[in-house]
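# Summary of structural features
Chain residues, written in single-letter form:
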Amino acid sequence: MCVGDSNGEGGVENIRIKTSFLFKANLIGGITLKLLKSYGLTDRYINESSFYEGLRLARVIAQHKGSYKVITVDGEQQAQISGKLRHETTELYKFPAVGDYVMVSYEKIEDTAIIHYILSRKSVFLRTAVGIKKQAQIVASNIDIVFICMSLNSNYNLNRLERYLSIAWDSGATPVIVLTKSDLCENLTQVIREVEQVSFYADIITTSMFEDNIDKFKPYMKEGITAAFIGSSGVGKSTLINQMLGKTMLETKEVGKSDKGKHTTTGREMFPSLLGGVVIDTPGMRELGIQSADLSKSFADIERLAQDCKFNDCSHKNEPGCAIQKALSEGTIDHRRLNSYTKLKNEASYEGLNSKQIENQKIERMFKEFGGMKNARKLVKGRKN
Ligand code: GDP
Ligand code: ZN
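Residues numbered from 1 in each chain as written. Chains lettered and ligands numbered in written order. Predicted model: local features only at pLDDT ≥ 70, side-chain atom pairs only at ≥ 80, totals over all residues. Heavy atoms only, no water.

Under an unreviewed UniProt entry, the protein chain has the name Small ribosomal subunit biogenesis GTPase RsgA and belongs to Alkalibacter saccharofermentans DSM 14828. Looking at the protein chain in UniProt, the text filed under Sequence similarities (unreviewed entry) is "Belongs to the TRAFAC class YlqF/YawG GTPase family. RsgA subfamily." Listed under Subunit (unreviewed entry) in UniProt, the entry text for the protein chain is "Monomer. Associates with 30S ribosomal subunit, binds 16S rRNA." (UniProt positions renumbered as here; feature names shortened; annotations may be inferred.)

What follows is the structure in structure tokens.
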């Protein structure tokens, strides 16, 4: 199909009207959106895209330097950002990233699509860009579930887990703890008990490559879900991702060139899963540094206790009336956990924007661009997914 295909007559305006009409027709039929839905598209973004007359909805599935790969109703396409967007974009985090839903224009599927707008992000994973200025950069966006992988051999480390949990909660995604290589663990029950001490709101699953792990991911993966795997190198992320992509991935033509089936050879960084939903796997996502952290969930115990400290700005060292020191002496919390908390709190005091602030900025901009309060409210209301 060639949505908005032009015979060369009529110019830009004509194409705009046509694409807008056809795009709406697509929504009603719901059929041609199937492809985008296999890449995580939800009603929230279909709704938001309707604010952009004449442009088409797409999702960024890969990024390399200044160029992008997007998925549209027509398939996979190369894309670039528009001159206007480039010109107006001063901060790195305002550039499109893998996982972003974007509004694009193109005449033919062979064309390079032009990215005009980025739709509001419901979660972002940030990293500090290397460069002259310390700037936040988006590694991946719109992730619903992040599987934090830790292997049950020498990689097992509670401090690291707490770090990943804090990053995940801050991003806006929901973390699930995946303890891999359970075949190498002799005291699984005890280890799980330890992990439960720090997991709080996050679920825990255990996997082994010698088992079929698909069922364990079923409660989390379904159409409309975007997931990512983080954790140190070698913990078994690729093994699990391959299991989740299963035949779908192997049957895909692009992989045909390489019999190894290593998905990185496709130049894509997003892959539809067998269970429904899509997996984001970008190199930057795999080993995240801490940019900002939300300790309120990952350290719910400590943050709750701290409310009982006598002084609001208690450093929990030697102030009188410190509830945390009291808990330490009573053995309710341990030194390891308090040290881990203090360390993360110091590291995360980066003065940039956290994910929630970025999102709020976006909404402010939408207020201005789309006729103010009424439309913006409609937009926010429509966001259930
Ligand atoms: P990644 O770097 O996190 O993507 O890790 P990989 O998936 O490439 O796995 C690294 C190594 O660990 C490979 O040699 C895998 O065969 C091995 N591995 C992965 N999962 C398991 C497991 O459940 N048990 C054991 N014993 N080895 C595993
Ligand atoms: Zn205190």
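### Things to note about the overall build of the protein chain
Per the secondary structure count, the protein chain includes 15 helices and 13 strands. Residues counted as buried form 51% of the 385 residues belonging to the protein chain. Nonlocal contacts in the protein chain, meaning residues at least 24 apart in sequence, comprise 70% of its contacts between residues at least 6 apart. On the protein chain, roughly 18900 Å² of surface is accessible, and the fraction owed to carbon and sulfur atoms is 51%. (Helix = DSSP H or I, 4+ residues; strand = E, 2+ residues; numbered from the N terminus. Buried < 20%, exposed > 50% of the residue type's maximum accessible area, 1.4 Å probe, protein only. Contact = heavy atoms within 4.5 Å. Areas by Shrake-Rupley, 256 points an atom, 1.4 Å probe, with all protein chains shown as cover.)

### Some thoughts on the site of ligand 1
Among the 15 residues in the neighbourhood of ligand 1, the closest are listed as D183, M209, G234, S238 and T239. In the environment of ligand 1, an oxygen atom lies 2.6 Å from a nitrogen or oxygen atom belonging to the side chain of T239. In isolation ligand 1 offers 580 Å² of accessible surface; the protein chains occlude 71% of this area. Here the element with the most residues in the shell around ligand 1 is helix α8 (residues 237-251); it accounts for three residues. (Near = heavy atom within 4 Å. Polar contact = N/O pair within 3.5 Å; in protein donor to acceptor, adjacent residues only side chain to side chain.)

### What to know about the coordination of the zinc ion (ligand 2)
Here the zinc ion (ligand 2) is held by the protein donor atoms C309 (SG), C314 (SG), H316 (ND1) and C322 (SG), which lie 2.1 to 2.4 Å from it. Viewed at the metal, the four donor atoms of the zinc ion (ligand 2) are separated by angles of 102 to 117 degrees, and the geometry they form is tetrahedral. Mapped onto the sequence, the residues coordinating the zinc ion (ligand 2) show the spacing C-x4-C-x1-H-x5-C. With a gap of 13 residues between them, C309 in the loop between α11 (300-306) and α12 (323-330) and C322 in the loop between α11 and α12 connect regions that are remote in the sequence. By relative accessible area, C322 is classed as buried at 6%. (Donors = N, O, S within 2.8 Å, 3.2 Å for Na, K, Ca; no water. Tetrahedral: all angles 85-135°; square planar, octahedral: opposite > 155°, others 65-115°.)

### Details of the packing of aromatic side chains
Here the structure, examined in full by the defined rule, presents eight aromatic pairs. An angle of 35 degrees between the planes, with centres 5.0 Å apart, marks the rings of F147 and F229 as tilted. Highlighted residues: F147 in strand β8 (residues 145-151) and F229 in strand β11 (residues 226-230), separated in sequence by 82 residues. Taken together, the ring pairs in this structure connect F147, F217, Y220 and F229 into an aromatic cluster. Looking at R56, its charged tip hangs above the ring of Y106, at a distance of 3.7 Å from the centre. (Phe/Tyr/Trp six-rings, centres within 6.5 Å; stacked < 30°, edge-to-face > 60°. Lys NZ or Arg CZ within 6 Å of the ring centre and 35° of its normal.)

### Focus on the pattern of salt bridges
Inspection of every chain in the model, using the stated rule, returns 13 salt bridges. Between K345 and E303 there is a salt bridge, with the nearest N and O atoms lying 3.9 Å from each other. Linking K345 in helix α13 (residues 335-347) with E303 in helix α11, this pair joins segments that are 42 residues apart in sequence. A residue is classified by how much of its surface remains accessible, and E303, at 25% relative accessible area, is partly exposed. E330 serves as the salt-bridge partner of K326, at 3.5 Å between the closest nitrogen and oxygen. One end of the pair is K326 and the other is E330, both in helix α12 and four residues apart, which spans about a single turn. Side by side, K326 and E330 carry an identical accessibility label, which is exposed. (Salt bridge = Lys/Arg side-chain N within 4 Å of Asp/Glu carboxyl O.)

### Digging into the layout of surface pockets
Of the volumes computed, that of the second largest pocket is approximately 390 Å³. Lining the second largest pocket are 20 residues, with Q63, K65, R127, Q137 and I138 sitting closest to its centre. Taken together, the elements giving at least two residues each to the lining of the second largest pocket come down to β1 (56-64), β7 (135-141) and α9 (283-286). (1 Å grid on protein atoms, 1.4 Å probe; cavity = no way out; pocket = protein on both sides within 12 Å on 5 of 7 lines; lining within 4 Å. Points joined across faces, edges and corners; volume = space filled by probe spheres on them.)

### Some thoughts on the UniProt feature "binding site: Zn(2+)" (unreviewed entry) in the protein chain
Here the UniProt feature "binding site: Zn(2+)" (unreviewed entry) sits at C309, C314, H316 and C322. Using a relative accessible area of 6% as the deciding quantity, one classes C309 as buried. If we ignore the near neighbours within four places in the chain, the residues touching C309 are C314, H316, G321, C322, A323 and I324. Summarising the element assignment, C314 is placed in the loop between α11 and α12.

### Things to note about the sheet that holds strand β2 (residues 67-72)
Ordered in space as β1-β2-β3-β5-β4, the five strands form a closed barrel in which the pairing is mixed. The mean inter-strand angle of the sheet, taken between neighbouring strand axes irrespective of direction, is 55 degrees. In this structure, β1 lies alongside β2, joined through five bridges in antiparallel fashion. Across the sheet, H64 pairs through a bridge with S67, a residue of β2. (Pairing = 2+ DSSP bridges. Axes fitted to C-alpha atoms, helices over the stretch in contact; angles between N-to-C directions.)

### Some words on the packing of helix α5 (residues 158-171) against helix α6 (residues 188-199)
Relative orientation and spacing of two packed helices are given, respectively, by the angle between their axes and the distance between those axes. Contact pair α5 / α6: the axes reach a minimum separation of 10 Å and the direction vectors enclose 35 degrees. Here α5 and α6 pass one another in a crossing that is right-handed. In contact with L158, L161, E162 and L165 of α5, α6 contributes E194, V195, V198 and S199. For the contact of α5 with α6, the residue count by class is five nonpolar, one polar and two charged. (Left-handed = near helix turned anticlockwise from the far one by under 90°. Nonpolar A, V, L, I, M, F, W, Y, C, P; charged D, E, K, R; others polar.)

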